[in-house]
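Chain residues, written in single-letter form:
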Protein chains: 2
Amino acid sequence: MEEKYLLGVDVGGTSVKIGLFTESGQQKEKWSIATNKDNNGEHVLEDIARSIMRKWKEHGLTAADVKGAGIGVPGFVNVNKGMIHFAVNIGWVDYPVTSILSDFLQIPVVLDNDANLAAAGEYWQGAGNDAVDVLVLTLGTGVGGGVIVNGDILHGVSDMAGEIGHVTVIPENGAPCNCGKTGCLETVSSATGMVRMAEEAAEKNPDSMLYIKKQQTPLTAEILFECAAAGDQTADAVIDLSMHYLGMAVGNAANVLNPQKIVIGGGVSAAGERLLTPLRSHYNVHALPKVAEHTAFAAAELGNDAGIIGAAWLAKHKAAADTL
Amino acid sequence: MEEKYLLGVDVGGTSVKIGLFTESGQQKEKWSIATNKDNNGEHVLEDIARSIMRKWKEHGLTAADVKGAGIGVPGFVNVNKGMIHFAVNIGWVDYPVTSILSDFLQIPVVLDNDANLAAAGEYWQGAGNDAVDVLVLTLGTGVGGGVIVNGDILHGVSDMAGEIGHVTVIPENGAPCNCGKTGCLETVSSATGMVRMAEEAAEKNPDSMLYIKKQQTPLTAEILFECAAAGDQTADAVIDLSMHYLGMAVGNAANVLNPQKIVIGGGVSAAGERLLTPLRSHYNVHALPKVAEHTAFAAAELGNDAGIIGAAWLAKHKAAADTL
């Protein structure tokens, strides 16, 4: 039997990334299209389908050559029903994503949320590297989380598993979080949270390099790490405090999950050891010794491609012809 | 094909509980024998085997009638190898439990730790009640934890998953824990931890009922709950603080696991709603709304039998004839 193809689709608020892969996971081509959010995103799936069918034509493929498509969406999903409850960046509310897209393409389509598929991508082809129990955190505007257990995505009863960004790390007087709670990990360990802490620390330390930078330009996580690399103690203390909270949250989660690999993604992960070294040190305070000694930390390797690769993984493992 | 039998064995530091079950889970008989800890527990498995073979004789059974035995042991286990690394209460160090017991009995034997099997027992026949994602906590001398994901025990890379008792809930100046860390959940939400907090609160509140009781008799968790039931505010505040920490730890774990059911066991769970009501209320502060709305809390239902029932579940699902 000839090898079939897989499609991986990663829907974002600005653009949709799409990848065509062989069933063994080799990327044949990747491209992206703009996300048309008119009328609550009613054109998005048709746009995706047309774009995919054009590529099929270019490659001389038909639906019969494709095992299925995986699609990742930011928001609350119902994996079994292939529905998205609410995707704030796109406008979909209780929207049957998989049935619409599979009607267009005439191939099986499987849905999951974008953080879970980024985790699946790193597990399959990135920093996961043969571990079957992997925790993936993406530090960006928020803290996205995905958990791989025994080589499969952990979903829980209402597809909410992996929301480690909303673990409480500051029980009293924590900053408000977008989720409605206060003191969530996301408020202190997302890139956004680190920048907020950096701004506060700069104001309190007018002798710091961070303060001088802040007078010149809006602070970013990159500037924070640059200042720390240049020896600024204020910047260093902000990173250390952020990693204290992240190490505690991840260490606590690891006492429950006992993962072999913890992968840190998002733009901030470009800081590499400057981030992983303090993280590991705080992690070891909170994870039990017999947990910590089996955990390896790594920076994510796939960057923005993690989503389409994870979506292709989903198509490979979950797309079933009988769902058509 | 005729239904076979299952054996469930729960090894404790004082006694070994044993149950004989039908393959569908009906208990035919249960009994216990003393744990002989002489020479680092070298007689324990032989004692278990002899006792089981006597019962087989009484029931007219042979090894051929039995699918397998599950055995739960308190301590660090290697599930795949059937080894116990260290069972402090018995004396076993790097001890090949399953191969020794299956040599005696000539049936497949499967090992897990006692907290995981208590969780499996509640999942199978107790408060789990059809949920396939269940978190079980046993509040006793320590806080034992077991996690059921998709109807199976979550182990992690080194069989340490479920150690929610060692999640850090007091990051600064927490009480020392038996594990070597400080501020673990176990220090404030085990029965032992609650008693320690009750003793401290009694000393600070000489007008309290708790203080008066303490002059008469060593405090216990039962006395703490009795005082609260009788309206003692000091006792009530101790329980509320303990449930604050438990609610935070469990809510944080639930944001990662998204369980359908959270089951609380151990002697303390006899307090029922007096424990579950404040726990639920603190849980709802920390669990995301879309997590919390799908979580049901329940008191454990199987008491001391959870371990042998979970061990029988293990035998039913994991015992394979080809391991003999």
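Bear in mind the structure is a predicted one, so any value in this text is a computation, not a measurement. Per chain, residues are indexed from 1 in the order of the written sequence. Chain letters start at A and ligand numbers start at 1, both assigned in the order the entries are written. Given that the model is predicted, a residue must reach a pLDDT of at least 70 before its local features are reported, and side-chain atom pairs must reach 80 or more before they are shown or counted; all residues, however, enter totals for whole chains, interfaces and linings. Think of the side-chain values as coming from all heavy atoms in the structure, minus any hydrogens and water.

A. Representation of the environment of A:Pro259 in the model. Strands are runs of DSSP state E lasting at least two residues, helices are runs of H or I lasting at least four, and both sets are numbered from the N terminus onward. Here A:Pro259 lies in the loop between α9 (233-257) and β12 (261-265). A simple rule labels every residue: compare its accessible area, found with a 1.4 Å probe on the protein chains alone, to the largest value its type can have, and call it buried under 20%, exposed over 50%, or partly exposed in between. Accessibility expressed as a relative area gives 2% for A:Pro259, which makes it buried. Residues A:Pro259 and A:Ile148 lie 111 residues apart in sequence; the distance between their C-alpha atoms is 8.5 Å. By definition in these notes, contact holds between two residues if any of their heavy atoms fall within 4.5 Å. Not counting the four nearest positions on each side in its chain, A:Pro259 is found in contact with A:Asp133, A:Leu135, A:Ala254, A:His294, A:Thr295 and B:Val157.

B. Main features of the interface of chain A and chain B. Contacts between chain A and chain B engage 37 residues on the former and 37 residues on the latter. At the level of elements, β10 (143-149), α9, α10 (273-286) and α11 (289-292) of chain A are the ones that each hand at least two residues to the side of chain A that touches chain B. Considering each element in turn, the side of chain A that touches chain B owes the most residues, six residues, to α9(A). Note that Gly is not counted as nonpolar here; it falls among the polar residues with everything else outside the nonpolar set of Ala, Val, Leu, Ile, Met, Phe, Trp, Tyr, Cys and Pro and the charged set of Asp, Glu, Lys and Arg. Counted by class, the side of chain A that touches chain B contains 20 nonpolar, 12 polar and five charged residues.

C. Region of the structure containing the packing of helix α6 (residues 191-204) of chain A against helix α7 (residues 209-216) of chain A. Residues and elements named next belong to chain A. Think of each axis as a best-fit line through the C-alpha atoms, taken over the contacting stretch in the case of a helix, with angles from 0 to 180 degrees between the N-to-C directions. Running from N to C, α6 and α7 point in directions that differ by 110°, and their axes come no closer than 8 Å. With respect to α7, the element α6 is oriented roughly perpendicular. Contacts between α6 and α7 involve Ala198, Glu199, Ala202 and Glu203 from the first element and Leu210, Tyr211 and Lys214 from the second. Residue composition of the contact of α6 with α7, grouped by class: four nonpolar, no polar and three charged. Each angle is binned into one of four classes, with values under 35 degrees roughly parallel, values over 145 roughly antiparallel, values of 65 to 115 roughly perpendicular, and all other values oblique.

D. Geometry of the nonpolar core. Core analysis: the largest hydrophobic core is formed by 110 residues, its most contacted members being A:Ile164, A:Val169, A:Tyr283, B:Ile164, B:Val169 and B:Tyr283. In contact with B:Ile164, other than residues within four places in its own chain, are A:Asn255, A:Val256, B:Leu135, B:Leu137, B:Gly145, B:Leu185, B:Ala249, B:Val250 and B:Ala253. Within this scheme, the nonpolar core is defined by two criteria: the residues are buried Ala, Val, Leu, Ile, Met, Phe, Trp, Tyr or Cys, and they are joined through side-chain atoms within 4.5 Å.

E. Up close: the pattern of salt bridges. All names here are of chain A. A carboxyl oxygen of Asp or Glu within 4 Å of a side-chain nitrogen of Lys or Arg is what we treat as a salt bridge. Counting across every chain of the model gives 14 salt bridges over all chains. Where Lys318 meets Asp152, a salt bridge forms, and the shortest distance between an N and an O atom there is 2.9 Å. Linking Lys318 in helix α12 (residues 306-318) with Asp152 in strand β11 (residues 152-153), this pair joins segments that are 166 residues apart in sequence. Judged by its relative accessible area of 28%, Asp152 falls in the partly exposed class.

In short, the description is geometric, and any link to function would need to be established separately.
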